[in-house]
Every structure is written in C-alpha cells, then in structure tokens.
Amino acid sequence: MNPRAFHRQRPIVCVALFFGVGVWIGGRWFLPGLWVPLAGLACSLLLVAVSAAYRRPVILALCFVSLFLGLFRAHWAANPALPAEGKYEVQARVSGLSERREADGRIKAVLRQVELRDETGAAYHVPAAYWTYYPGADAPLPVDGQRVQMGARLYHPSGQQNPYGFDFRMYLLQRGTPAGLSGASGLTFDPAGQSAPADRWLRARLNMGSLLDQMLGQRSPLIKALLLGSRDDLPEETVQEFRDAGIAHVLAVSGLHVGILAAALMFVLRRLHLHPRVQFVVVASVLLLYCRLLDFSAPVVRAAVMSCLLLAGHLSHERTDPLTSLALAFLVILAVRPLDLFNAGFQLSFLAVLGIFTLGDRLNFLYARRIKRKRRLLDGVVLAAATTVSASLFTAPVVLRVFHRFPLAGLVFSPIACIAVAWLMWGGLLLLPVAAVWMPAAQVLAQPLSWLAEAFTRATGFFAGLPYAAVRSPAPGLLILLAVYVVLLLSTRYLRVRGWRRLAAGAAVLLVAVGAGAAGRDDAVRYIQFSVGSADAAVIEDGRTTFVVDVGVHGGDLSNYLLSVGRSVDTLFISHLHNDHIGGLQQLLENDVRIDRIVLPVHALDVQVADNSRQILALAEARGIPIQYAGKGDVFQSDRVQAEVLWPQAGALYPGMDANHSSMALLLNLDGVTLLTAGDLTEEYEQYSAASAQVLKVAHHGARSGTSPIYLQAVSPQLALLSQSDTYLQRAAAVTDRLAEGGIPIISTAEGRALMLTVRPEGLQVEHYSDRRVQ
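Treat the numbers as computed from the prediction; the structure is a model and nothing was measured. All residue numbers refer to positions counted from 1 along the written sequence of the respective chain. Since the coordinates come from a predicted model, pLDDT governs what is reported: local features require at least 70, and pairs of side-chain atoms require 80 or more to be given and counted, while whole-chain, interface and lining totals use all residues. Only hydrogens and water are set aside; all other atoms, that is, all heavy atoms of the structure, feed into the side-chain values.

1. Side note on the overall build of the protein chain
Counting secondary structure elements, the protein chain contains 26 helices and 22 strands. Its C-alpha atoms give the protein chain a radius of gyration of 29 Å, near enough to 28 Å, the size a compact globule of 775 residues would have. On the principal axes, the C-alpha backbone points of the protein chain span a range of 90 × 65 × 60 Å. Three labels apply to residues, based on accessible area from a 1.4 Å probe with only protein chains included: buried if under 20% of the type maximum, exposed if over 50%, partly exposed otherwise in between. Buried residues in the protein chain amount to 47% of all 775 residues. Once local pairs closer than 6 in sequence are excluded, the contacts in the protein chain between residues at least 24 apart make up 68%. With the model as given, the accessible surface of the protein chain reaches about 37,300 Å², and the carbon-plus-sulfur share is 60%. We treat Lys and Arg as the positive residues and Asp and Glu as the negative residues; His and chain ends play no part in the count. Where a charge sits is defined by one atom per residue type, namely NZ (Lys), CZ (Arg), CG (Asp) or CD (Glu). Looking at the protein chain, you have 68 positive and 58 negative side-chain charges, and the mean spots of the two groups are 18 Å apart. Secondary structure counts use DSSP, requiring at least four H or I residues in a row for a helix and at least two E residues in a row for a strand, with both numbered from the N terminus. Radius of gyration: over C-alpha atoms. The globule rule applied is 2.2 Å multiplied by the number of residues raised to the 0.38 power. We call two residues contacting when some pair of their heavy atoms lies within 4.5 Å. Note on areas: these come from Shrake-Rupley sampling with a 1.4 Å probe, and a residue is covered only by the protein chains present in the view.

2. Points about the state of the cysteines
Whenever a pair of cysteine sulfur atoms sits within 2.5 Å, that pair is classed as a disulfide. As enumerated under the stated definition, the model contains 0 disulfides in all. C63 takes part in no disulfide bond, and the closest cysteine sulfur, belonging to C14, lies 5.2 Å away. On the basis of relative accessible area, C63 is assigned to the buried category, the value being 3%.

3. Describing the nonpolar core
Put simply, buried Ala, Val, Leu, Ile, Met, Phe, Trp, Tyr and Cys residues joined by side-chain atoms within 4.5 Å make one nonpolar core. In terms of nonpolar packing, the biggest core is built from 58 residues, with M215 and F456 touching the most fellow members. The leading source of residues in this core is helix 15 (residues 409–437), at 11 residues. Setting aside residues no more than four positions away along its own chain, M215 makes contact with L431, A435, M439, A442, Q443 and A446.

4. Some thoughts on the packing of aromatic side chains
Pairing of aromatic side chains requires ring centres within 6.5 Å, counting the rings of Phe and Tyr and the six-membered ring of Trp. Pairs whose planes differ by under 30 degrees are stacked, by over 60 edge-to-face, and all others tilted. Tallying each qualifying case throughout the model produces 24 aromatic pairs. Ring plane angle 55 degrees and centroid distance 6.1 Å describe the contact between F547 and F573, whose orientation is recorded as tilted. With a gap of 26 residues between them, F547 in strand 10 (residues 545–551) and F573 in strand 11 (residues 571–573) connect regions that are remote in the sequence. An identical accessibility class is assigned to F547 and F573; each is buried. Within the aromatic cluster, the residues linked to one another by ring pairs are F242, F413, F456, F462 and F463.

5. Here's the deal with the sheet that holds strand 19 (residues 719–722)
Taking strand neighbours across the sheet as the criterion, the 7 strands line up as 14-15-16-17-18-19-20 in an open arrangement whose pairing is mixed. On the outer flanks of this sheet lie strand 14 (635–637) and strand 20 (746–748), each paired with one strand and no other. Each strand of the sheet is rotated relative to its neighbour by a mean of 20 degrees, with strand direction disregarded. Strands are treated as partners if at least two bridges between them are detected by DSSP. Two elements, strand 19 and strand 20, share 3 bridges in a ladder whose sense is parallel. By the bridge assignment for strand 20, L722 is matched with S748. Helix axes use the C-alpha atoms of the stretch in contact, all axes being lines fitted to C-alpha atoms, and the angles between their N-to-C directions lie in the range 0 to 180 degrees.

6. Observations regarding helix 23 (residues 613–622)
Within the span of helix 23, buried status applies to S613, I616, L617 and A620. The arc that holds every buried residue of helix 23, seen down its axis, measures 100 degrees, which confines them to one face. Exposed residues lying more than 90 degrees from the buried face of helix 23 are E621 and A622. Where the residues of helix 23 are buried, they touch helix 21 (579–582), helix 22 (585–590), strand 12 (598–601) and strand 13 (627–630). This arc is built from the directions going out from the helix axis to the C-beta atoms.

7. Comments concerning the pattern of salt bridges
Basic side-chain nitrogens of Lys or Arg form a salt bridge, by our definition, when they fall within 4 Å of a carboxyl oxygen of Asp or Glu. Under the counting rule described, the total for this entry stands at 21 salt bridges. Notably, a salt bridge pairs D536 with K697, separated by 3.0 Å at the nearest N-O pair. Highlighted residues: D536 in the loop between strand 8 (526–529) and strand 9 (537–542) and K697 in strand 18 (residues 695–697), separated in sequence by 161 residues. On the accessibility criterion, D536 (4% relative accessible area) is buried. For R567, the salt bridge is made with E541, and the minimal N-O distance between the two is 3.5 Å. Here R567, found in the loop between helix 20 (556–564) and strand 11, pairs with E541, found in strand 9; they are 26 residues apart in sequence, far enough to count as distant. Comparing R567 with E541 shows no difference in burial state: the two are buried. One network of salt bridges, with partners in common, ties together D244, R405, R472, D592 and R623.

8. What about the side chain of S392?
Within the secondary structure, S392 sits in helix 14 (residues 376–403). Excluding residues within four positions of it along the chain, S392 makes contact with F406 and L411.

9. Side note on a nonpolar patch on the surface
Patch construction takes residues with relative accessible area above 30% that form no salt bridge. Like charges are linked within 9 Å, and nonpolar side chains (Val, Leu, Ile, Met, Phe, Trp, Tyr) are linked within 5 Å. Together, L363, V389, L393, L408, L411, V412 and Y468 make up an exposed nonpolar region whose accessible area comes to about 600 Å². Mapped by element, the contributors of at least two residues to the nonpolar patch are helix 14 and helix 15. Topologically, L408 is positioned in the loop between strand 6 (405–406) and helix 15.

10. Here's the deal with the packing of helix 9 (residues 255–271) against helix 10 (residues 276–293)
In a pair of packed helices, the angle between the axes and the distance between the axes together describe the arrangement. Running from N to C, helix 9 and helix 10 cross one another at 145 degrees; their axes reach a closest spacing of 10 Å. The handedness of the crossing between helix 9 and helix 10 is right-handed. Contacts between helix 9 and helix 10 pair V258, L261, A262, L265, M266, L269 and R270 from the former with Q279, V282, V283, V286, L287 and Y290 from the latter. Taken together, the residues of the contact of helix 9 with helix 10 break down into 11 nonpolar, 1 polar and 1 charged. Definitions for this section: a left-handed crossing has its near helix turned counterclockwise from the far helix by less than a right angle. A right-handed crossing has that turn clockwise. Three classes are used, and their members are as follows: Ala, Val, Leu, Ile, Met, Phe, Trp, Tyr, Cys and Pro are nonpolar, Asp, Glu, Lys and Arg are charged, and the others, Gly among them, are polar.

11. Structural notes on the packing of helix 7 (residues 220–228) against helix 15
Close contact between helix 7 and helix 15 brings their axes to 10 Å; oriented N to C, the two are set at 90 degrees. Classed by the angle they form, the pair helix 7 and helix 15 counts as roughly perpendicular. Side by side, helix 7 and helix 15 meet where L222, I223, L226 and L227 of the first sit next to V421, L424, M425, G428, L429 and L432 of the second. Looking at side-chain class alone, the contact of helix 7 with helix 15 contains 9 nonpolar, 1 polar and no charged residues. In this scheme, roughly parallel covers angles under 35 degrees and roughly antiparallel covers those over 145, while 65 to 115 is roughly perpendicular and the rest are oblique.

12. Some thoughts on the pairing of strand 3 (residues 123–133)
As defined by bridge partners, strand 2 (residues 107–117) adjoins strand 3 across 10 bridges and the pair is classed as antiparallel. Bridged to A109 within strand 3 is W131.

13. Quick word on the confidence of the model for the protein chain
Mean pLDDT over the protein chain stands at 88; residues scoring 70 or higher make up 95%. For every residue, the predictor reports its confidence as pLDDT, a number between 0 and 100. By mean pLDDT, helix 1 (residues 6–9) is the weakest element of the protein chain at 75, and strand 11 is the strongest at 98. Under a pLDDT of 50 for its full length, residues 771–775 has, in the predicted model, 20 contacts with residues more than four places off or in other chains.

14. With respect to the environment of L432
For L432, the position within the fold is in helix 15. Those residues within four positions of L432 in sequence are excluded, and the remaining contacts are M208, L211, L212 and L227.

15. Points about unusual backbone geometry
The residue after D190, namely P191, is reached through a cis peptide bond having omega -5 degrees. Its location among the elements puts P191 in the loop between strand 5 (179–190) and helix 6 (200–216). A cis amide bond links W647 to the next residue, P648, at an omega of 10 degrees. Within the secondary structure layout, P648 lies in the loop between strand 15 (641–647) and strand 16 (665–670). Even without being a glycine, Y468 presents a positive backbone phi close to 60 degrees. Structurally, Y468 is set in the loop between helix 17 (447–464) and strand 7 (471–472).

Structural data, given as structure tokens:
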C-alpha cells in the first residue's frame, strides 16, 4: 500500500469524516431503534479484529466503527425520552435571561431541573424546558435562579413543518432543551422579590455591558456585540447593513473573536518568553473563562476547542498537519454535541477554516512560487486576499442555502472588517478594567475607540450600499452542493490529480450534478398548504408563475421557501385583513421577497380589520407594490392555473361588518383539478361562494360557524384540506364530523406538516411534507 496515500497520512481525517456522516444520518433519517447502530458497531469491531489478526490495514474498519458511533450518538441526542404530552404540576429553576415580546406580552424563559407530576402523582424529570406564557401587562419577568411552581402543559417541540422551514425541535435540542412548557396557572416564584440574576457569571456579563454603555454611550451596542455576543440593542438597520456588506458573522461571537483573543494573549505571552506549555495553559484557561462568561454558547465552545487543538500542535514544535488538527476538533465537538453538525454556524466555521487550510494554502503556494523576492506589504495583502477568497468560496454554498444571497462586498471588506474588529475588541477589553475603577478616565480614553466604532459602522454602510453588494440566489440542491465541494477540493494539493485531469474531473462532476438537477426538475402544477397553526398560507406554482393565498401570522417559513426555490410572487391574494391571514406579509417585505401585486377583496378596508393590517399595507405601498381590489367574477390567469373570485360582490356588504363575512373566496383550476378556498367565510355568506370543486379548503380553520351541510352538498368535494393547530383541533370537531358523515376524506396541517398537492397526468398526488426529507 502506498505510504503517501491520504488515508495513511491522515487517518484521523478519515475517521472524523465517517463520524460526521454517521451523525448526519442519525440526526436526519428515521431509525427503528438504537439496535441498528449497535449492530453495525458490533460488526465493525469484528472487522477490526479480523483485519488485525490477518495483519491487514485496519483504517477502513476503524472508519466504519466511527460511522456507527456517530450514528448512535446522533440518534441518542435527537430522540430523548420525554414524558407524555399533557398537563403537569411543575417545579423548576429559571436559567438565564427572560424575554417579553412587545406585540402581545408573551414571556419566554428557559427552565432547568424541571420536576413534573401528573394527575396520578407520578413524577418525571426533564433536564431543561422552553417555557412560554402570557401574563398581565405589569407582571415581572422571571429572574435567573428563581424557583417556579405552577401548572403547565408539556409539549414535544415540532420539527421542520414546511419545506425549507425552521426546525424548532432541532433548535431546542442543540441548546440542550428537549421539551416545551406553555401556560402558568397558579404561578409562584421563590424568592418572589428577586431582582438580580443568581448566576455570578451572568451578573458579570450584565455589569460589563453596563460599563460599556456608560463608557461609550450610543457606540456601546457594537462593542457589546463583539465582546459579549449581545446585539439586542443594535438597530435592525445596522444589522441589515452588516449582512449586506458580508460581515454579519462579526456580530456573533465565534471563531474570529476567539481567534483574536487568543492571538492577543499569545502576543503578550511570547514577549514574556514563557515556556510553550505555560503559554498553552494560560491561553486555554482564559478561553475556558471566556466560554463560561458567555454561558458556554455553542459557537464560542467550538472556536475555543478548535483554537486550543491548533495551538497545541503549533506549540509542540513538531510538524503538525492542520487538517488533522481540524479533524480532531471536529471529532471532539461532535462527540459532545453531535447535533451541532446541523447548525449553520458550526458548518460555516469549519468550512471557513477548511478553505483556508486547503485552498488558501494552494493560493499562497502558487504566489510564493512565482514571486521569489519578499515584499512585506504585498505579501500581507496577498495573504489576506487568499484567506478571504478561500474562506468565502468554501462557505458560499452554505451561505446561499441559509441566507439566499452571496455578499460580493465581503470579498473586499472582510479583511478590513477583521482588522477593525480586532482593534475594537482589544480596546474594549483594555478599557473595561479602567471603567470599573474610574469611569471618567475610561470615558476620556474610550473616545478614540468610539471614533473607530463610528468609522467602522459608516464603512459598513458604504459597502452595503454599493451596487451588487450582495447577489440573490436560490438555495443550491444537494447534488450541486456536493459537486462544488468536489471541485474545490480538486483545486487543492491534497488530491493527487494533475493538469488536465483536474479540469476534466471537475467539469465532469459539475456536468453530472447540473444534468441530474435538470432531469429531476418538476414543473407540475403544485398547491402547498403551509403548516402555520390556526392561520392560513398557501403557495400555487405553475412553472415559474407563483400565486400566494394568505401569508399567516408569521411569514418566516413562507419567505424562506420562496427565497430558497428562487421564486417571486406574481400575485398575492389576501382573503381578508385579519392578522392570521396578513400578518406574515411584514416578514416577506423585510426579507425582500419580490411581490408584483397584492389583491384584496372589495370592501376590505370598509369592514372591521386587524389593528396592524393598515400599517402592513402601508409598508407594501411604500415598497411600490400595487394593491388592487377584486370582486365576484374577476379572473386571474396563468398558463395552467385560473383563479376566479366567487365572493365578495361589490355593494353586497356594509361598513363595520365582521371582516370574516367579506373573505375572498377563490375557485382555483389547477391544470384540471378544481379547489375552492374561502378564507374565514362564515355560514351566513358561504352560500354565495358555493361551487362544485374536487378539493375544498375548509374555511375558518374548521370553525363550526361555517361549512354547513347545505354548503358541503353544493360543493360536493372529494377531499377536504384543514389548516389548523393541534392545540385547537377540538374547535373543528363539528365540521370534521360533518365531513366524515359525508364520506369526505380530510387531511390536516394539525399533524404538524405542510400539505402538498401535485397535479400529475395520472391524477392528483396528495402528501404531507416530511421533515426527514433531504432538501
């Protein structure tokens, strides 16, 4: 066997790769039980023993052992044992900071050491729970360390409900919070009058933030974001400018910030001529304290582990392989927190470093081979450019998949931003002790730091405002993503492919991926009823034409889907101006989803409307989106889809009526399949929208005030769709019983999944979206 083969020189890299694949499979795919990875692990260990007995290389067997270990670890972490959903008496301890939502007063907090007791007296324990409840307006926020006692409903957090939607369950599991609690009947706090957090590290973080506020005034939010990871006080406009300039990552404490802190420490320790081991212990200790200060947040822990492992290799004065050090950090982190693999921050941090170690190394090598003479300034510029380009190229597929835009401005501005962040962090760290001792002196010394923060913010705004500072792009498919990384790795020195063979292999991989993607493209007419709780949002796709019917309360999943698949909205129908139908429009506008026109029912503004609906429409008009009104008989047409308005009729309603009575009813012809949707139309007026249809989208989330037997007889549907939350499913019991009596099958979003109807030549294909689907 070739001793220079990749797997012989870097076995840890191979083992880490297989472990990562195992974690990905265990976290994303359904497994019947832990016996699957355990059986695979036993077979792999047997293969190791056989290979060793016959003196054969064991690296492949060890890779399979790693694969099944990753599978076991991820499956264990992703499927925690929880008590049954239902009502419990709860005792727990508040952990961290609580938050109150301004819109409706909802309070959310994290509880730890959760003790549950059901009606029979049986006791259960949950390590942590995500708690939400709606108190009175003057109710105090829960404080870290307080003990709470109350009655609450335990629920199992939902996974990804919509295509390209937010995975709430994975979000909580990555934070060690497997369960959710809602409500707070008979809530009591102990001690009742506690005002300061019990955790001294949290108090220290808050005190440091207060010192920065006093020292820097209006410039403190930026420094607090860089040092403490707190960006709550940053204006949303500033955050958006950082995104557009391609440097949003600097606002979340991660590898860059930990690296700057470690570099500053190493600079000082080297000047003191300390032994390398002492240097390592000091740096590792400071990074541990920094992790504790930031409550062991996942990005900081990842960066600290990676920095310590890379630093250990550097200080050992032995020739170390950077890929091996990176792979070891990858293994250590995923062994402890396997579900971090599905976190975009984890992916971006490791891919950026991988790009610097591989592609950046190649670019620097090519530069050094051509330029023999040392030029310090030019060498520094080339190094910064090579680092930025390599990190950007390796993170680009994930950036496009998550954020749907690639910041071109970041290629130029990112090196400048890194230097500015370093000076701002160092300045803030040096001045904090001064501020703690004598604030007036700190305020004077902080003036240059304030000027630098101002200049940095202005420069960010300038780069964000440049033409094509960021380019939009749909999320790349899995095949395209893999092909891009194969091509990038082919350009490094780690794959021993020479000359034209590199180009040929890269071109072949890209052609296969593009061809497979084109062959798998589905242009069938599709109707997607999004799972948005007791609200409504639906997308109709006809080739490149997109109709949207209502947008729910929150438009996050809907806008993420549209941006991910590269769709703009040709026509947005708003059935009526209640928040559960128009509220999500604000998020679509904030996320820059293109909307060509908005269609409202006639008299939409004459009836009772939601308090915020006029403001949301004003935002749309300010964006230049035309708003038109439609009534009975109006028709909207695309190639294979027709939307005919059945209700309301102009002049048939009077001012001040309930907006539900004026809900727009649409008869959709989806390439030959008819579907009737009527918003929240009630029994008094639904007769005016009655028309024969194969599919009925049940009005008003199945409320008993609509969908009468007479109406059902007139529509005669073969299938009923219900957009409802499982929490309020009982409200639809009368209508679902009525449908069942008529022999009409029902599919509902109450199961926590979007409904997808696809028109095929052989008929209508109906399915639930599954969060196990690979996108």
